[in-house]
Amino acid sequence: MASMKVAKPLLNVINSFQKLPGIGPKTAQRLAYYLLHVPQTELDSFSSAVARIKLDTKLCAICRNISETDPCPICADTTRDQHTITVIEQPLDIFVFEKTGKYFGLYHVLHGVINPLENIGPDELYIDDLVRRIRGSTVEEVIIATNPTMEGEATSMYVTRLLREASPELSVTRLGMGIPTGAYLEFADESTLIRALEGRRAV
Ligand SMILES: [Zn+2]
């Protein structure tokens, strides 16, 4: 596409879409042209939803979940099992666990995995917060539920070592089999995740 021929406002939208993960130039163009057929009121609510997404949310100071409130509704819910924390990569993974209806403990969101190729080290993640949270707490078990990818496994090992040092009596477990190597929890169906949760093993 000769960019000079495309109207500037359209080009701006194409460029914005192209910055999103999984969207190539062709899809970005298609989406931008599609929006021209959408009523203005819908465009307004779409753009204001995008504009407010960071302004109206915050990180829970306890678990680092994204929430409208701090602490988040899960951390604030005293009926949940306060002795179990599941460690996940992304806030989205919380929904996967909540959907099973079989997990009643708390969470801790790392916001990524250790990935040397992308210059993401332990300091870029909320690992220290987790260790601080465990130390001197009543938490009895930490379930490490990072994805079964190379980076997820490496992160799991790193976190396990730090937790062991911080609290030798703590039980650290890893999700059991069922989720294929290289897969992501967010795509696992509920029964697979329930099996993985029930089949968790000490690490
Ligand atoms: Zn929270």
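Structure shown above.
Remember, predicted model here, so these are calculated numbers, not experimental data.

Engineer: Quick one: what's the story with the pattern of salt bridges, residue by residue and with numbers?
Structural biologist: If you walk through the whole model with that rule in mind, you get eight salt bridges. For the salt bridge of Arg 64 with Asp 129, the shortest nitrogen-to-oxygen distance reads 2.6 Å. Of the two residues, Arg 64 is situated in the loop between strand E1 (58-59) and strand E2 (66-67) and Asp 129 in helix H6 (residues 127-134); the sequence distance between them amounts to 65 residues. Residue classification places Asp 129 among the buried positions, given a relative accessible area of 16%. The closest approach of N and O atoms between Asp 129 and Arg 132, which form a salt bridge, is 3.5 Å. You can see Asp 129 and its partner Arg 132 sitting in helix H6, three residues apart, about one turn around the helix. Because the salt bridges share partners, they merge into one network encompassing Arg 64, Asp 129 and Arg 132.

Engineer: Can you break down the coordination of the zinc ion residue by residue, with the values?
Structural biologist: Ideal geometry at a metal centre: 109.5 degrees between donors when four sit tetrahedrally, and 90 or 180 degrees when six sit octahedrally. At the metal site, the zinc ion is ligated by Cys 60 (SG), Cys 63 (SG), Cys 72 (SG) and Cys 75 (SG), and these contacts range over 2.3 Å. Within one chain, the residues serving as donors to the zinc ion are arranged as C-x2-C-x8-C-x2-C. Of this pair, Cys 60 sits in the loop between E1 and E2 while Cys 75 is found in helix H4 (residues 73-76), placing the two residues 15 residues apart along the sequence. The same class applies to Cys 60 and to Cys 75, which are both buried.

Engineer: Outline helix H5 (residues 92-100), listing residues and values.
Structural biologist: Among all positions in H5, only Asp 93, Ile 94, Val 96, Phe 97 and Thr 100 are buried. Each buried residue of H5 sits inside an arc of 160 degrees when the element is viewed along its axis, so together they form one side. When the buried face of H5 is taken as reference, the exposed residues oriented beyond 90 degrees from it are Phe 95 and Lys 99. Remark: Gly 101 follows H5 within two positions and exhibits a positive phi of approximately 70 degrees.

The rules behind these values
Residues numbered from 1 in each chain as written. Predicted model: local features only at pLDDT ≥ 70, side-chain atom pairs only at ≥ 80, totals over all residues. Heavy atoms only, no water. Salt bridge = Lys/Arg side-chain N within 4 Å of Asp/Glu carboxyl O. Helix = DSSP H or I, 4+ residues; strand = E, 2+ residues; numbered from the N terminus. Buried < 20%, exposed > 50% of the residue type's maximum accessible area, 1.4 Å probe, protein only. Donors = N, O, S within 2.8 Å, 3.2 Å for Na, K, Ca; no water. Arc of directions from axis to C-beta.

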